[in-house]
Amino acid sequence: MSGSVEIVLWLHEYELRALEKQLASNGTDVEKRMQEMLADLYSECVPFEERQAIQERINAEHAEAVADQMANTTWAAYHITGHGEDLYFKTSKADTLLAAAKRLRTYLTAEDNPQPASFAAVLKDRTEITQAEYDQLLDQRLQNTGKVSGVFEMDFDRDTFSAANAMDGWHTYRIHDVSVAAYHAFRKQNISTDQR
């Protein structure tokens, strides 16, 4: 994929300082102003049809790069209910049951001030999705395609934590029990993931 090219300009430091001073009084800076001038020059010199074709090519390359990234990403999906929330989201962290349990334990025992308003708020890398997208990820998980590492449902009103298993479907536990299990799994530092 193509990318941006750096253009280097030279100006004596005394001249640059004077220019920066003048532009600062107008609420801008040299780099921003030069970028605007370069964009104006591009629009003035390159015919509209050619600019449009170039923009389409840039958009196509970007879309291809995003599609490649998505194809090579392993997802985990969450459905969170309770306390007035009903959220569906995914994360590219490839959470397994063990990782999701650790995230839950971290949320439940958080001593942050203020404490996160919801479990979803703890996941900074989440992307909200629709129920239909969640169902698609669940289907991939149950088919064991390798593209979905885990699908989870947490209902904080009912105190349930459910995980979809590719071999035998859904397993449901009490949230408290999952938190305690995560505590025991992670209390020792020097053990393997399999041992946890």
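Just so we're clear, the structure is a prediction, and the values are computed from it rather than from any experiment.

Chemist: Lay out helix α7 (residues 175-186) with the relevant residues and their values.
Modeler: The end-to-end C-alpha distance of α7, which contains 12 residues, comes to 17 Å, matching closely the 16 Å that a straight helix rising 1.5 Å per residue would cover. Along α7, the residues classified as buried are I175, V178, S179, A182 and A185. Buried residues in α7, looked at end-on, bunch into an arc of 125°, giving them a common side. Elements in contact with the buried residues of α7: α4 (97-108), β4 (148-155), β5 (160-165) and β6 (169-174).

Chemist: Help me get a handle on the sheet that holds strand β1 (residues 75-82), residues and values and all.
Modeler: The strand order across the open sheet formed by six strands is β3-β2-β1-β4-β5-β6, and the pairing between neighbours is mixed. Each having just a single partner strand, β3 (126-128) and β6 make up the two edges of the open sheet. Averaged over all adjacent pairs, the angle separating strand axes in this sheet is 25°, with direction ignored. Across seven bridges, β1 lies against strand β2 (residues 85-91) in antiparallel orientation. Bridging from a neighbouring strand, H79 pairs with Y88 of β2. Contacting β1, β2, β4, β5 and β6, helix α6 (residues 131-142) crosses the sheet at an angle of about 125° to β4. Each of β4, β5 and β6 touches α7; the most contacted strand, β6, lies at about 85° to it.

What counts as what
- Residues numbered from 1 in each chain as written.
- Predicted model: local features only at pLDDT ≥ 70, side-chain atom pairs only at ≥ 80, totals over all residues.
- Heavy atoms only, no water.
- Helix = DSSP H or I, 4+ residues; strand = E, 2+ residues; numbered from the N terminus.
- Expected span 1.5 Å × (residues − 1).
- Buried < 20%, exposed > 50% of the residue type's maximum accessible area, 1.4 Å probe, protein only.
- Arc of directions from axis to C-beta.
- Contact = heavy atoms within 4.5 Å.
- Pairing = 2+ DSSP bridges.
- Axes fitted to C-alpha atoms, helices over the stretch in contact; angles between N-to-C directions.

Structural measurements only, silent on function.
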